[in-house]
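An overview of the molecular structure
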Amino acid sequence: MNRKFSNILVTGGAGFIGVNFIRYLFEKTGFSGRIVNFDALTYAGNPASLRDIAERYGSGRYVFVRGDIRDRAAVDQVFADYGIDAVVHFAAESHVDRSILGPKAFITTNVMGSFTLLEAARSAWKLSDGRLRDDVLFHHVSTDEVFGSLGETGYFTETTAYDPRSPYSASKAGSDHLVRSYHHTYGLPVTISNCSNNYGPYQFPEKLIPLMILNMLEGKSLPVYGDGKNVRDWLYVEDHASAIWTIMNKAADGESYNVGGENEWENIRLLERLIEIVAKKAGKPVRAVRDTITYVRDRPGHDRRYAIDCSLIKRELGWKQSVDFEGGLERTVDWYLANLAWVDAIRSGEYQKWIEANYGRRG
Ligand code: NAD
Ligand code: DAU
């Protein structure tokens, strides 16, 4: 496979991974086409994260459209206006804790929104003889959480049976199944990636690593769920972006690839390492920061361990991680230290005022 894309629709491109993916495409690849970033700007979306990209590339190469993937007319309009020939589907409700508190948005966006997007793609890419174009691609960005929870040993492979255990992972599993069904039933050219935990710049400060960095800087307590021994496999976000781009360019239609860091950490061990890095950079005594660790009530249904076997994408497509965990954590802490204004704007609601001024009031 060697595909060429001219007009890529990135859904959820104002969120953590979407922002990093768009930056990666413009800054680290030879991509010379246009990106249309379609995002509803929920609490997690912030187009200010790409303000410099918008200024540099102008409307010829980068377009932001505020819109909801559940809104069929709005999605159809984007396909029609921009001659979309590839979709990279990030848009989702993504935080497990929120899915436990209020699952509905996860079902409407992650399942119904994905369905709406698939229908729009199927319609836009239909030829006059009823068949679908084969020079287009729908790439679906999914998670390792669809595979459930591991014990102390073993890895998720591409053939591991789905076993989602939170409303978030169940809704992502639903969308994965829909994407595959559109390939098998209608011949829609699709690829899927199931990735482990990402970390890096622009991550919303409700997720473990940015939350802990900011709490450390502010002298707040560091809430560890349960016994702190749950294990996650961490990947630097730019390596996820490069994996998606590799799959889009090289994978056969209908294929899924697991993507991971091969980098497992118990939460408490990760936190201890992060404390050492932040304390040093912020000039705080390590012991004082360590004293703020607070064990709190566990997340209901908390998955114990995720670990990805990503040997297939390495072997078949030649992808590999480029950022080691030590270097990635340093870069991430440096980024938050240098971008406290980005965090303040989120927390104070200042960026919401900017969004309303530029894109209208949130629905
Ligand atoms: P995020 O929560 O930071 O961003 C999600 C983006 O989607 C936001 O910009 C939000 O405004 C937008 N969005 C939400 N609902 C929408 C809707 N109805 N219509 C249009 N836009 C909408 O999420 P993230 O961490 O960047 O994750 C992106 C994708 O990657 C998700 O599909 C997630 O399941 C997947 N993923 C995330 C990780 C991770 O570690 N963060 C790992 C593997 C896979
Ligand atoms: O595995 C991929 C998934 O990783 C993605 O699909 C999700 O979108 C993404 O949010 C992430 O899910 P997790 O639930 O693993 O990430 P989170 O950062 O919320 O939590 C990481 C671990 O840290 C998890 O075991 C719960 C724990 N935790 C989290 C928070 C926010 C704490 O102990 N304390 C906390 O305050």
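Each remark here, short or long, concerns the structure printed above.
Residues numbered from 1 in each chain as written. Chains lettered and ligands numbered in written order. Predicted model: local features only at pLDDT ≥ 70, side-chain atom pairs only at ≥ 80, totals over all residues. Heavy atoms only, no water.

Further remarks concern the site of ligand 2. By nearness alone, 23 residues border ligand 2, and Ser94, Asp144, Tyr168, Arg299 and His302 come closest of all. In the environment of ligand 2, an oxygen atom lies 2.7 Å from a nitrogen or oxygen atom belonging to the side chain of Thr143. A distance of 2.6 Å is found between an oxygen atom of ligand 2 and a side-chain nitrogen or oxygen belonging to Arg299. Within the complex, the protein chains bury 94% of what would otherwise be the 690 Å² of accessible surface of ligand 2. Secondary structure elements with two or more residues in the shell around ligand 2: α7 (208–218) and β8 (222–225). (Near = heavy atom within 4 Å. Polar contact = N/O pair within 3.5 Å; in protein donor to acceptor, adjacent residues only side chain to side chain. Areas by Shrake-Rupley, 256 points an atom, 1.4 Å probe, with all protein chains shown as cover. Helix = DSSP H or I, 4+ residues; strand = E, 2+ residues; numbered from the N terminus.)

Quick look at the packing of aromatic side chains now. Under the definition given, this model contains 21 aromatic pairs. On the basis of an interplanar angle of 80° and a centroid distance of 5.9 Å, the ring pair of Phe31 and Trp245 is categorised as edge-to-face. Highlighted residues: Phe31 in the loop between α1 (16–28) and β2 (34–39) and Trp245 in helix α8 (residues 237–250), separated in sequence by 214 residues. With 6.5 Å between their ring centres and 75° between their planes, Tyr336 and Trp342 make a pair best called edge-to-face. The burial state of Tyr336 is the same as that of Trp342; both residues are buried. Clustering of aromatic rings is evident, with ring pairs tying together Tyr199, Trp234, Tyr236, Trp265 and Phe325. Stacked on the ring of Tyr43, the Lys or Arg Arg98 has its end atom at 3.5 Å from the ring centre. (Phe/Tyr/Trp six-rings, centres within 6.5 Å; stacked < 30°, edge-to-face > 60°. Buried < 20%, exposed > 50% of the residue type's maximum accessible area, 1.4 Å probe, protein only. Lys NZ or Arg CZ within 6 Å of the ring centre and 35° of its normal.)

The next subject is the packing of helix α12 (residues 325–338) against helix α13 (residues 340–348). Where α12 meets α13, the closest approach of the two axes is 5 Å, and the angle between their N-to-C directions is 65°. In this structure, α12 uses Trp335, Tyr336, Leu337 and Ala338 to contact α13, whose residues at the interface are Leu340, Trp342 and Val343. By residue class, the composition of the contact of α12 with α13 is 7 nonpolar, no polar and no charged. (Axes fitted to C-alpha atoms, helices over the stretch in contact; angles between N-to-C directions. Contact = heavy atoms within 4.5 Å. Nonpolar A, V, L, I, M, F, W, Y, C, P; charged D, E, K, R; others polar.)

Bringing the packing of helix α5 (residues 104–124) against helix α6 (residues 167–186) into the picture now. Contact pair α5 / α6: the axes reach a minimum separation of 8 Å and the direction vectors enclose 15°. Between α5 and α6, the crossing angle belongs to the class labelled roughly parallel. Crossing angle aside, the handedness with which α5 passes α6 is right-handed. Where α5 abuts α6, its residues Phe106, Ile107, Asn110, Val111, Ser114, Phe115, Leu118, Glu119 and Arg122 lie against Tyr168, Ser171, Lys172, Ser175, Leu178, Val179, Tyr182 and Tyr186. (Parallel < 35°, antiparallel > 145°, perpendicular 65-115°, else oblique. Left-handed = near helix turned anticlockwise from the far one by under 90°.)

Our focus in this paragraph is the site of ligand 1. Contacts to ligand 1 come from 29 residues, most closely from Ile17, Asp39, Ser94, Tyr168 and Lys172. Within the side chain of Ser94, one N or O atom sits 2.7 Å away from an oxygen atom of ligand 1. Backbone polar atom of Asn198 to an oxygen atom of ligand 1: 2.9 Å apart, as the coordinates give it. In terms of residue count, the dominant contributor to the shell around ligand 1 is strand β5 (residues 137–143) (3 residues). Classifying every residue of the shell around ligand 1 gives 13 nonpolar, 12 polar and 4 charged.

In this section: the side chain of Arg3. Locating Arg3 in the fold gives a position in the segment before β1 (7–11). A polar contact is formed between the side chain of Arg3 and the backbone oxygen of Met248, at a distance of 2.7 Å. A distance of 2.5 Å separates the side chain of Arg3 from the side chain of Asp253, its partner in a polar contact.

Counted under the stated rule, the structure contains 26 salt bridges. Residue Arg98 pairs with Glu206 through a salt bridge whose shortest N-O separation is 2.6 Å. Residue Arg98 is located in helix α4 (residues 96–101), and its partner Glu206 is located in the loop between β7 (197–199) and α7; the two are separated by 108 residues in the primary sequence. With relative accessibility at 33%, the residue Arg98 sits in the partly exposed group. We note a salt bridge from Glu262 to Lys314, for which the minimum N-O separation is 2.4 Å. Of this pair, Glu262 sits in the loop between β10 (256–259) and β11 (264–266) while Lys314 is found in helix α11 (residues 311–317), placing the two residues 52 residues apart along the sequence. The exposure class of Lys314 is partly exposed, given its relative accessible area of 28%. (Salt bridge = Lys/Arg side-chain N within 4 Å of Asp/Glu carboxyl O.)

Once that is clear, we can look at the pairing of strand β9 (residues 231–236). With 6 of 6 residues buried, β9 lies mostly within the body of the structure. Here β9 shows no split at all, with Val231, Asp233 and Leu235 on one side and Arg232, Trp234 and Tyr236 on the other all buried. As paired strands, β7 and β9 are joined by 3 bridges and run parallel to one another. Residue pairing in the sheet places Tyr199 in a bridge with Tyr236 of β9. Two strands pair when backbone bridges link them, and β9 and β11 are joined in this way by 3 bridges, in the antiparallel orientation. Within β11, the position partnered with Val231 by the bridge is Glu266. (Pairing = 2+ DSSP bridges.)

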